[in-house]
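If you want the building blocks of each chain, they are given just below.
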Amino acid sequence: MRKRTVRNGLRLILAALLLIVLVSFYHVGIADLFSLSDPAEMRLYRLGIFWAAAFGGYGVVLSAFGLVMPGDPRDAQVRVLPVFFLILGTVALFFYLLASSFNEPTRPERLQPGDTITI
């Protein structure tokens, strides 16, 4: 097993998971921060999911090749377990945010140009 290759693949998988968490649960906050319109917010979400799938797919392939390749003597000091625990923590965070999103109230619709506010 080539530990450096496996660790790099796991890092890409971790980056993909973090990107999925960001665009799935915080895309509205990111769009408000950068004052994006609704179509631009949807494009941000789509691009985030696309790049997360690309990073995750490449990370899985890289990790699989690292598991199959013969070991390298320089890999004795490489630790894979901390990155693996970070991935487990990110998956737990995703499911926590998913479960808590079912209980939050629906957010009000945004005002469209020309809409009036009655006080």
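Residues numbered from 1 in each chain as written. Predicted model: local features only at pLDDT ≥ 70, side-chain atom pairs only at ≥ 80, totals over all residues. Heavy atoms only, no water.

Let's talk about the packing of aromatic side chains
Reasoning step 1: Under the criterion given, the structure shown has five aromatic pairs.
Reasoning step 2: Ring centres of Phe50 and Trp51 lie 5.2 Å apart, and the angle between their planes is 75 degrees; on these two criteria the pair is classed as edge-to-face.
Reasoning step 3: Overall, Trp51 belongs to the partly exposed group, its relative accessible area being 44%.
Reasoning step 4: With centroids separated by 6.1 Å and ring planes inclined at 40 degrees, the aromatic side chains of Trp51 and Phe55 adopt a geometry described as tilted. (Phe/Tyr/Trp six-rings, centres within 6.5 Å; stacked < 30°, edge-to-face > 60°. Buried < 20%, exposed > 50% of the residue type's maximum accessible area, 1.4 Å probe, protein only.)

Quick notes on the nonpolar core
Reasoning step 1: Formed by Val6, Leu10, Ile13, Leu14, Val80, Val83 and Ile87, the largest nonpolar core amounts to seven residues.
Reasoning step 2: Tallying contributions element by element places helix 1 (residues 3–25) first for this core, with four residues.
Reasoning step 3: Sequence-distant contacts of Leu10, defined by excluding residues within four places in its chain, comprise Ser63, Val80, Val83 and Ile87. (Core = buried A, V, L, I, M, F, W, Y, C linked by side-chain atoms within 4.5 Å. Helix = DSSP H or I, 4+ residues; strand = E, 2+ residues; numbered from the N terminus. Contact = heavy atoms within 4.5 Å.)

So, the pattern of salt bridges
Once their charged atoms are close, side chains differing in charge can pair, the charge on each being opposite to the other.
Reasoning step 1: Summed over the entire model, instances satisfying the criterion amount to two salt bridges.
Reasoning step 2: Asp75 is the partner of Arg4 in a salt bridge, and the nearest nitrogen-oxygen pair spans 3.1 Å. Of this pair, Arg4 sits in helix 1 while Asp75 is found in the loop between helix 3 (38–68) and helix 4 (81–101), placing the two residues 71 residues apart along the sequence.
Reasoning step 3: Overall, the relative accessible area of 33% leaves Arg4 in the partly exposed class.
Reasoning step 4: Residue classification places Asp75 among the buried positions, given a relative accessible area of 4%.
Reasoning step 5: One salt bridge connects Asp72 with Arg74, and the closest N-O pair in it is separated by 3.1 Å.
Reasoning step 6: Here Asp72 falls in the partly exposed class, since its relative accessible area comes to 22%.
Reasoning step 7: Take Arg74: its relative accessible area is 58%, and that puts it in the exposed class. (Salt bridge = Lys/Arg side-chain N within 4 Å of Asp/Glu carboxyl O.)

Digging into a nonpolar patch on the surface
Reasoning step 1: Taken together, the side chains of Leu47, Phe50, Trp51 and Phe55 present a nonpolar region at the surface, about 410 Å² in accessible area.
Reasoning step 2: Structurally, Phe50 is set in helix 3. (Patch = residues over 30% accessible without salt bridge, like charges linked within 9 Å, V, L, I, M, F, W, Y side chains within 5 Å. Areas by Shrake-Rupley, 256 points an atom, 1.4 Å probe, with all protein chains shown as cover.)

These values are about where atoms sit, not about what they do.
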